[in-house]
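The primary structure of each chain is shown beneath.
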Amino acid sequence: MVAAVPFEEKTDEQKAITEMVRQFADEQILPNAERYDHADEFPEAIVEQMKELGLFGVTIPEEYGGMGLDLTTYVMIVEELSRGWISISGVINTHFIGSYLLMKYGTEEQRQRYLPKMATGELRAAFSLSEPELGSDVQAIKTTAKDVGDGFFEINGQKMWVTNGLRSGLVFVLVKTDPDAQPAHRGMTCFIAEKEPGVHENTGEHAGLTVPPQIKKLGYKGVESTELVFDGYRCPAANVLGGVEAGLNRGFSQMMDALEVGRANVAARGVGIAQRALELALRYSQERRTFGKPIAQHQAIQFKLADMATQVEAARLLTIRAARLKDAGERSDMEAGMAKLFASEAGRFCVEESFRIHGGYGYSKEYEIERLYRDAPLLLIGEGTSEIQRMVIGKKLLERHRI
Ligand SMILES: Cc1cc2nc3c(=O)[nH]c(=O)nc-3n(C[C@H](O)[C@H](O)[C@H](O)COP(=O)(O)OP(=O)(O)OC[C@H]3O[C@@H](n4cnc5c(N)ncnc54)[C@H](O)[C@@H]3O)c2cc1C
């Protein structure tokens, strides 16, 4: 029973893997993140090592070449990677969501075709809902797919903010297949759109899909965010997620289910960045002296440290609870929303407090906290803004406590 497991407890396997990932973050990510961030360069060497460690297949079942671990272990890994640099977790997040969709909704043929290559990281996945005119309001999607009758659907429209939009070889894309459906979500389908990794103008069987230059961002650098332009792109009917019979016009609920695990993932990123901000503050506050003593000896600074540490712990517990519920097959929409809301706000809070503790040096690119300060706000937006999480939590609360 889920609730009986003490939250702090990790299985031996979880301990081993999180220690391994922490060491990887300490040795490979943290010493290099600043360089990649400042140059906005894709961290190819780090990603290659992640492939070797099997991190692209953490949750993919062993029969398809992955490690077959659960969401709880996955969020523990994401925390450690994000403590190093949230862009690294960005490289695997949409990939993880794509593999979740295949495992839960894909046909056996789709699983066999994609999961083994995804488990090694040879094939990477993106996840695409947002468009230039919408993010929160997913039902307003305008991109369409039309059955053109020869075993293909033709996709037309523009997608926005696609993380891994250039280097991925697969995009799980939600589009409108029945424009007249009421409500609109009953007329949406998830397609598995294949593309050539790293190519801006796709040709041949992937013609009609263009990837414009990557969007320039405040933070979350290194991992690309792009638009995707579909203009007469032909997608085989066999690439409707789950097959035409089971998957046509069922995409909205599939994607919303995937967002639940995506939210646990973003929550874990919030925990990781908050944890790192706390570590930096603990170190700096014991080194920096004012008025004859380390600033850590001023009560006002200790209170900041205390508040940060409390937020980190609470965020971690909420995140693990949401993941455990999902692993136990229970509904976790509200819990994932709470974890995402709290942990992303905790990330922002801890980063800002750590930034204040660094005084003027926090504003210098010589100090790591400067990067965290630019990275943290993304977590308030991606996988649903804080306002949207509150809407989800409020709605679920009323559903569960109807009088
Ligand atoms: C770096 C980055 C990477 C991303 N990666 C991906 C990706 O891989 N795939 C993908 O599909 N998307 C991705 N996104 C898009 C992201 O999911 C959206 O930006 C997000 O959902 C918010 O949508 P929006 O930007 O259109 O804001 P809007 O929906 O326009 O919202 C604007 C503001 O209004 C508020 N708001 C909206 N509706 C309500 C309401 N009903 N009540 C109260 N307030 C409301 C919002 O909270 C927000 O404050 C990414 C975004 C960024 C910045």
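This is a predicted model, so every value here is computed, not measured.

Engineer: Please provide a residue-by-residue account of the overall build of the chain, values included.
Structural biologist: Summing up its helical and strand segments, the chain has eleven helices and nine strands in all. The C-alpha radius of gyration computed for the chain amounts to 21 Å, which stays within 12% of the reference 22 Å derived for 403 residues, consistent with globular compactness. Taking the principal axes of the C-alpha coordinates as reference, the chain spans close to 80 × 55 × 40 Å. In the chain, which comprises 403 residues, the proportion classed as buried is 51%.

Engineer: I'd like to hear about helix H4 (residues 86–105), residue by residue, with values.
Structural biologist: The end-to-end C-alpha separation of H4 is 28 Å, in line with the 28 Å expected for 20 residues at 1.5 Å each. Remark: the principal bend of H4, roughly 25°, maps to Ile-92. Among the 20 residues that make up H4, 18 are buried, leaving the element largely enclosed by the rest of the structure.

Engineer: Please give an account of the domain arrangement of the chain that cites residues and values.
Structural biologist: According to the domain assignment, the chain consists of domain 1 (2–120), domain 2 (125–250) and domain 3 (253–400). Taking the mean C-alpha position of each, domain 1 and domain 3 sit 19 Å from one another. Contact with domain 1, which involves 25 residues of that partner, is made by 26 residues of domain 3. Broken down by secondary-structure element, the contributors of at least two residues to the side of domain 1 that touches domain 3 are helix H1 (12–39), helix H3 (71–84) and H4. Per element, the largest residue contribution to the side of domain 1 that touches domain 3 is nine residues, and it comes from H3.

Engineer: I'd like to hear about the nonpolar core, residue by residue, with values.
Structural biologist: Core analysis: the largest hydrophobic core is formed by 116 residues, its most contacted members being Phe-172, Phe-191, Ala-264, Ala-267 and Ala-277. Contact partners of Ala-264, with chain neighbours within four places excluded, come to Leu-71, Val-75, Thr-319, Ala-322, Ala-323, Lys-326, Ala-336 and Ala-339.

Engineer: Break down the pairing of strand E7 (residues 225–236) for me, with residues and values.
Structural biologist: The sheet contact formed by strand E3 (residues 152–163) and E7 spans ten bridges and is antiparallel. Paired with Phe-152 across the bridge in E7 is Pro-236. In this structure, strand E6 (residues 209–210) lies alongside E7, joined through two bridges in antiparallel fashion. Residue Leu-209 lies in a different strand from E7, and its bridge partner there is Phe-230.

Engineer: Account for the packing of H3 against helix H7 (residues 251–287), naming residues and giving values.
Structural biologist: Running from N to C, H3 and H7 cross one another at 40°; their axes reach a closest spacing of 7 Å. It follows from the interaxial angle that H3 and H7 lie oblique. Like other packed secondary-structure pairs, H3 and H7 cross with a definite hand, here right-handed. Of the residues in H7, those in contact with Leu-71, Val-75, Val-78, Glu-79, Glu-80, Leu-81, Ser-82 and Arg-83 of H3 are Val-261, Ala-264, Asn-265, Ala-268, Arg-269, Val-271, Gly-272, Ile-273, Gln-275 and Arg-276. A per-class count over the contact of H3 with H7 returns nine nonpolar, four polar and five charged.

Engineer: Account for the site of the ligand, with residues named and values stated.
Structural biologist: In the vicinity of the ligand there are 22 residues, among which Gly-135, Ser-136, Thr-163, Thr-385 and Glu-387 approach most closely. Broken down by secondary-structure element, the contributors of at least two residues to the shell around the ligand are strand E1 (125–128), E3 and helix H11 (386–400). No other element matches E3, which puts three residues into the shell around the ligand. By residue class, the composition of the shell around the ligand is nine nonpolar, ten polar and three charged. Structurally, the shell around the ligand is a two-domain feature, drawing no fewer than three residues from each of domain 2 (125–250) and domain 3 (253–400).

Engineer: So what about unusual backbone geometry? Which residues, and what values?
Structural biologist: The amide bond that connects Gln-182 to the next residue, Pro-183, takes the cis arrangement and shows omega of -5°. Its place among the elements puts Pro-183 in the loop between strand E4 (170–176) and strand E5 (188–194). In this structure, Asn-249 is a non-glycine residue whose phi angle is positive, near 65°. By the secondary structure assignment, Asn-249 is in the loop between helix H6 (243–247) and H7.

Engineer: Give a description of the packing of helix H9 (residues 333–357) against H11 that names residues and reports values.
Structural biologist: Where H9 meets H11, the closest approach of the two axes is 9 Å, and the angle between their N-to-C directions is 150°. Of the two elements, H9 crosses H11, and the hand of that crossing is left-handed. Residue-level inspection shows Asp-333, Met-334, Gly-337, Met-338, Lys-340, Leu-341, Ser-344 and Glu-345 of H9 in contact with H11, the latter providing Ser-386, Gln-389, Arg-390, Val-392, Ile-393, Lys-396 and Leu-397. The class makeup of the residues in the contact of H9 with H11 is six nonpolar, four polar and five charged.

Engineer: Describe the environment of Arg-324, with residues and values.
Structural biologist: Secondary-structure assignment places Arg-324 in helix H8 (residues 299–327). Sequence separation of Arg-324 and Asn-249 is 75 residues, and the distance between their C-alpha atoms is 30 Å.

Engineer: Give a description of the pairing of E1 that names residues and reports values.
Structural biologist: Burial of the side chains of E1 extends over both faces: Ala-125 and Phe-127 are buried on one face and Ala-126 and Ser-128 on the other. Of the strand pairs in this sheet, E1 and E4 are connected by four bridges, and their pairing is parallel. Of the residues in E4, the one forming a bridge with Phe-127 is Phe-172.

Engineer: Account for the environment of Gly-292, with residues named and values stated.
Structural biologist: Along the chain, Gly-292 turns up in the loop between strand E8 (289–290) and strand E9 (293–294). Residue class for Gly-292 comes out exposed when judged on the 6 C-beta atoms lying within 10 Å of it. Linking Gly-292 and Ser-82, residues 210 residues apart in sequence, is a C-alpha distance of 36 Å.

Calculation notes
- Each chain has its residues counted from 1, running along the sequence as written.
- Local features in this predicted model are restricted to residues whose pLDDT is 70 or higher, and side-chain atom pairs enter the listing and the counts only when it is 80 or higher, whereas totals over whole chains, interfaces and linings include all residues.
- The helix and strand labels rest on DSSP assignments: H or I over at least four residues marks a helix, E over at least two residues marks a strand, and numbering proceeds from the N terminus.
- To get the radius of gyration, use the C-alpha atoms; to get the globule rule, take the number of residues to the power 0.38 and multiply by 2.2 Å.
- Field definition: a residue is buried when 20 or more other C-beta atoms are found within 10 Å of its C-beta, exposed when 12 or fewer are, and partly exposed for counts in between, with C-beta atoms placed from the backbone.
- Residue count minus one, scaled by 1.5 Å, sets the expected span of a helix.
- Across the chain, bend at a residue is computed as the angle between axes fitted to the seven residues ending at that point and the seven starting from it.
- For the domains described, the bounds stem from an automatic or database domain assignment.
- Placing a C-beta atom from the backbone of each residue, one calls two residues in contact when those atoms lie within 7 Å.
- Put simply, a nonpolar core is a cluster of buried Ala, Val, Leu, Ile, Met, Phe, Trp, Tyr and Cys residues tied together by C-beta atoms within 7 Å.
- Here, strands pair whenever DSSP counts at least two bridges between them.
- Lines fitted to the C-alpha atoms define the axes, with helices restricted to the stretch that makes contact. Angles between their N-to-C directions range from 0 to 180 degrees.
- Every angle not falling under 35 degrees, over 145, or within 65 to 115 is termed oblique; those three ranges are roughly parallel, roughly antiparallel and roughly perpendicular.
- A crossing counts as left-handed when the near helix is turned anticlockwise from the far one by less than a right angle, and as right-handed when that turn is clockwise.
- Gly is placed with the polar residues, together with every amino acid not listed as nonpolar (Ala, Val, Leu, Ile, Met, Phe, Trp, Tyr, Cys and Pro) or charged (Asp, Glu, Lys and Arg).
- In this analysis, residues qualify as near a molecule or strand once their C-beta atom, positioned from backbone atoms, comes within 6 Å of it.

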